[in-house]
Amino acid sequence: MDQARSAMSQIFNNEPHSYTRFNLPDNMEVDTSQVEMIQSSDMNEEVGENGDEGHLSHKSNRQPHVAQNFECTTKSLCFMAATIVFTFVIGYLTGYLVHKNKDLNCSCAPSEDDITHKTGAVPFMDWDDVRKLLGDKLNTSNLEIALSQLTSSNHRAGSPGDEDLGNKVITKFKEYGMKTWTDEYFVKVQDPPASGYNRIVFKNGSEEHPTGFLSYSASGTARGAVLYAHYGQEDDFKQLKNMNINMNNRVMLVRAGRISFAEKVANAAKVNASAVLIYPDPADYPIGNDTSLFGHVHMGSGDPYTPGFPSFNHTQFPPVQSSGLPHILAQTITTGMGTKILRQLGGRTQPNSWEGINRLGDESDVITVEVNNVLTEKRINNVFGVIKGFVDADRYVVIGAQRDAWGPGFAASSVGTSVLVELARSISDMVENDGFKPRRSMVFASWSAGEYGSVGATEWLEGYLSSLSMKAVAYINLDGIVTGQNGFKVAASPLLHSLVQNALKEVNYDKDKSLLSQFGKNNWESAILEPLRMDSAAYPFLAFSGIPSVAFRFHSGSSDYPHFGTNLDTRENLNSVTASQVPQLAVRAGQFAGHIALRLVHDHLLQMDLKKYNQLIRSHVVQINGKVKAVQRLQPQLLPKTLTGQWLVMASGSYNRVSSILTADIQNSDLENVEMCRMINDRIMTVERNFLSPYVSPIDSPFRHILLGSGPHTLKALTNHLDALKSASPEANAELFRNKLAQATWTIQACANSLAGDIWSLDNEF
């Protein structure tokens, strides 16, 4: 219309002095009707030659009256005809310009994309069609090709093999039309000594030189009596303590499995052990007597020499170390070495609840442990590709897999990397050729240095924490997703439990059964759900960054896959525990991960169940309240009667109320209101982030989640602290407990306040 107005103004401004006047009598049938028109172009006929006289004059040779009337009538008709033509032309030009303006607006950008980005009104693909497309495109033949291309015998972090695999992944992403980029980091890790060796000497026996090692162990030599401590879990050490066994300066011999190497070493350090030896017991690890184990013992994730900071090149950071680095020696030994030591131990018999019939060791079972690992700097690369969303492109789901491994790493990394690449190909093809338009973006990430403690993933989180915690919708981990075929386990944020359940229902295990009916028919939560492990890359996303995360795996039996962290992690060995069904199981795993990811980018509102955290919070609150009363009854001098758990109860109630209100708002929301949907989704995304305690430093306690994290700020730690107060343990500190209780209480209340939304909607009953 602006162009039309401009054109019309130009047309009219060509003759700025023109005007037309129609004088019509009331009776249109009168013959004497007269039309008078005066225009600037005819002024010479009306104005006399003596323009300076300022008045109209008649020509001297006047014509007869009839001729004059005839001439006037003819002239008037001409003027009327010209006026009609003139008006028609103006109308035609106006309509043409307006219509052309609309066409120009339509042709400036693709109509669907333009409307989608502005209003979200473009019809999106039906969910059943999306699910069917993914099932058609993600198949065993394509996955087999990916496995053959991305399997490598040597791709330790920072090696040429690792870099070569990274280049293959980013080349694939580019072939699929994705926007790609690479992040480079310079991280410090421990490797075995380039010259020399680590060694152990038991009693007066021969010197042993294990080839396996544990990165980030303390260096030096320790000498002490061996004490067998089962799996090195907290409960194992509690049982030894209850037996009144002295653990100071003992060298702990523990079995691999059940918990991470780092947790075993941290538990041993708490009881003042001097060193830890970890061996694969043949009951758990049927890998032969001479197979070496590799791993790390950093009680955290990422580069421990830049805690809380990304390890970018030439960046100046203070000379600090992670609080999770151990101060005692740690070393893996082979099955043969471990069983040889175990057979020679004296002392008391192990607790009846432990597997096997072993003795614990006495003061004469002396061993010397020497660790000479070398700290080195490595350049690593994380590789990324993105499929951009069509409505909320700045909100994204991250799907990631580690690329490196200690040895062949077929189950540890090759399968996950292949599924990552195949998911990227399938979904890119859905967008390019089938009309699928995800509302939100999808980021595909290939991490390096995962074997050293999710270093690549954590460094990325540290580098972009402020934006990721607000814009990353969820993280889906693809590490170790196929380790067997007889079971299926999922570890996830409670916010994702309902979404996981739906995925289990809709993803087929075979033609006749879904994953849910195959593995969780009766009670899926008890059969399938498990806690998220600290050595999973999903753990720092959840507990460090506050991003809802999920990890999952096909497995066989209760024990871990025995070839992780060894040079025996090959396709042949994985085939032996999966009946050679690796591609088929990998496809099902990819469909499960893809189902969750696509649901999160397809729906108007995020499918996250806010009420799931109510149950978890309530269970902790009940335990803490009961234990507070018990301590006040048994140790009244430690906790006064004025201390009450009522504030914690009220904070829990506040979260319960606002989560119920928001759930009702979601059910009554207008899905076509894009702005309203975005506001609700942003409120949902604050929940996980607001469970991160703001009262602890990421350097001292990186996993700040008060419900699922690790450290003295968690609700679990409060419960343990109350147990220590109840037994009048020397390490118990009543004042510290009161401070931590207040901080945890307000963290929950602050989460409820944030979830309420507007400042005037806050719960003022607290």
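Residues numbered from 1 in each chain as written. Predicted model: local features only at pLDDT ≥ 70, side-chain atom pairs only at ≥ 80, totals over all residues. Heavy atoms only, no water.

## Topic: empty space enclosed by the protein
Evaluated as defined, the whole model comprises three cavities of 30 Å³ or more. There is about 100 Å³ of room inside the largest cavity. Lining the largest cavity are 15 residues, with Ser-301, Pro-307, Glu-462, Pro-698 and Pro-702 positioned closest to its centre. Looking at side-chain class alone, the lining of the largest cavity contains seven nonpolar, six polar and two charged residues. Roughly 70 Å³ of volume is contained in the second largest cavity. Lining the second largest cavity are Val-391, Asp-392, Arg-439, Arg-440, His-604, Leu-671, Asn-673, Val-674, Cys-677, Arg-678 and Asn-681. Broken down by element, the residue count for the lining of the second largest cavity peaks at four residues, all from helix α22 (residues 674–690). (1 Å grid on protein atoms, 1.4 Å probe; cavity = no way out; pocket = protein on both sides within 12 Å on 5 of 7 lines; lining within 4 Å. Points joined across faces, edges and corners; volume = space filled by probe spheres on them. Nonpolar A, V, L, I, M, F, W, Y, C, P; charged D, E, K, R; others polar. Helix = DSSP H or I, 4+ residues; strand = E, 2+ residues; numbered from the N terminus.)

## Re the side chain of Thr-566
Position of Thr-566 relative to the elements: it lies in the loop between β16 (549–555) and α18 (571–578). Exposure remark for Thr-566: the relative accessible area of 2% places this residue in the buried category. With residues up to four places along the chain from it excluded, the contact list for Thr-566 reads Ile-287, Thr-291, Ser-292, Leu-293, Phe-294, Gly-407 and Pro-408. (Buried < 20%, exposed > 50% of the residue type's maximum accessible area, 1.4 Å probe, protein only. Contact = heavy atoms within 4.5 Å.)

## Here's the deal with the sheet that holds strand β9 (residues 329–332)
Each strand in a sheet pairs with its neighbour through backbone hydrogen bonds, running either in the same direction (parallel) or in the opposite one (antiparallel). On the basis of which strands lie adjacent, the open sheet formed by seven strands has the order β3-β2-β10-β5-β6-β7-β9 and mixed pairing. The open sheet has two free edges, formed respectively by β3 (207–208) and β9, since each of these has just one partner strand. Here strand β2 (residues 199–202) runs beside strand β10 (residues 366–371); their pairing, made up of four bridges, is antiparallel. Residue pairing for β10: Arg-199 is matched across the bridge by Glu-370. (Pairing = 2+ DSSP bridges.)

## Let's talk about the sheet that holds strand β15 (residues 487–492)
With respect to topology, seven strands assemble into an open sheet ordered β1-β11-β13-β12-β14-β16-β15, the strand pairing being mixed. Edge positions in the sheet fall to β1 (179–191) and β15, since each has one partner strand and no second. The average angle at which neighbouring strand axes cross in this sheet is 20 degrees, direction not considered. One ladder, built from six bridges, connects β15 with β16; its direction is antiparallel. From the neighbouring strand, Gly-487 faces β16, where its bridge partner is His-555. Contacting β12 (392–402), β13 (440–447) and β14 (472–477), α22 runs over the sheet at an angle of about 40 degrees to β12. (Axes fitted to C-alpha atoms, helices over the stretch in contact; angles between N-to-C directions.)

## Looking at the nonpolar core
Counting residues in hydrophobic clusters, the biggest one holds 111 residues, and the most contacted among them are Phe-444 and Tyr-655. At 12 residues, helix α19 (residues 582–602) tops the list of elements feeding residues into this core. Of all hydrophobic cores here, the second largest spans 86 residues; its members include Ile-200, Met-247, Ala-275 and Val-371. (Core = buried A, V, L, I, M, F, W, Y, C linked by side-chain atoms within 4.5 Å.)

## Remarks on the confidence of the model for the protein chain
The predicted structure's coordinates, where accompanied by low pLDDT, should not be read in detail. Across the protein chain, pLDDT averages 87, with 83% of residues at or above 70. In this model, residues 100–122 is a region of pLDDT below 50 whose contacts with residues beyond four sequence positions or in other chains number 23 contacts. (pLDDT = per-residue confidence, 0-100.)

## Examining the packing of helix α20 (residues 612–634) against helix α21 (residues 646–667)
At a closest axis distance of 10 Å, the pairing of α20 and α21 adopts a crossing angle of 170 degrees. When the axis of α20 is compared with that of α21, the two are roughly antiparallel. Residues Tyr-613, Asn-614, Ile-617, Arg-618, Val-621, Ile-624 and Asn-625 of α20 touch α21, and the partners they reach there are Leu-648, Val-649, Ser-652, Tyr-655, Asn-656 and Ser-659. For the contact of α20 with α21, the residue count by class is seven nonpolar, five polar and one charged. (Parallel < 35°, antiparallel > 145°, perpendicular 65-115°, else oblique.)

## What about the pairing of β16?
For β16, a buried count of seven out of seven residues is recorded, marking the element as mostly surrounded by other parts of the structure. The alternating pattern of β16 places Ser-549, Ala-551, Arg-553 and His-555 and Val-550, Phe-552 and Phe-554 on opposite faces, both of which are buried.

## As for the packing of helix α5 (residues 127–137) against helix α11 (residues 410–433)
The relative placement of two packed helices comes down to the angle between their axes together with the axis-to-axis distance. α11 packs onto α5 with a crossing angle of 130 degrees between their chain directions and a minimal axis gap of 10 Å. Regarding the angle of α5 to α11, the classification is oblique. Here the hand of the crossing between α5 and α11 comes out right-handed. Contacts from Val-130, Leu-133, Leu-134 and Lys-137 of α5 reach α11 at Leu-423, Arg-425, Ser-426, Ile-427, Asp-429 and Met-430. Each residue belonging to the contact of α5 with α11 can be placed in one class, and the counts come to six nonpolar, one polar and three charged. (Left-handed = near helix turned anticlockwise from the far one by under 90°.)

## Description of the pairing of strand β7 (residues 275–279)
Along β7, five of the five residues are buried, which leaves the element largely enclosed by surrounding structure. Here five bridges tie strand β6 (residues 251–255) to β7, and the two strands are oriented parallel to one another. Bridging across to β7, Leu-253 finds its partner in Leu-277. A crossover connection joins β6 to the parallel β7 through helix α9 (residues 261–270); in handedness this β-α-β unit is right-handed. Pairing geometry for β7 and β9, over four bridges, is parallel. Directly across from Ala-275, in β9, lies its bridge partner Leu-329. (Right-handed = clockwise from strand over helix to strand, strands pointing away.)

## Observations regarding the environment of Lys-437
Within the secondary structure layout, Lys-437 lies in the loop between α11 and β13. Spatially, the C-alpha atoms of Lys-437 and Lys-388 are 9.1 Å apart, while their sequence positions differ by 49 residues.

## Comments concerning the pattern of salt bridges
The full count for this structure, using the stated rule, is 30 salt bridges. In this structure, the salt-bridge partner of Asp-162 is Arg-403, at a minimum N-O distance of 3.0 Å. With a gap of 241 residues between them, Asp-162 in helix α7 (residues 160–175) and Arg-403 in the loop between β12 and α11 connect regions that are remote in the sequence. In this pair, the class of Asp-162 matches that of Arg-403, namely buried. Among the salt bridges present, the one from Asp-281 reaches Arg-255, with a minimum N-O distance of 3.4 Å. Pair noted here: Asp-281 is in the loop between β7 and β8 (294–296) and Arg-255 is in strand β6, with a separation of 26 residues, a long-range link. (Salt bridge = Lys/Arg side-chain N within 4 Å of Asp/Glu carboxyl O.)

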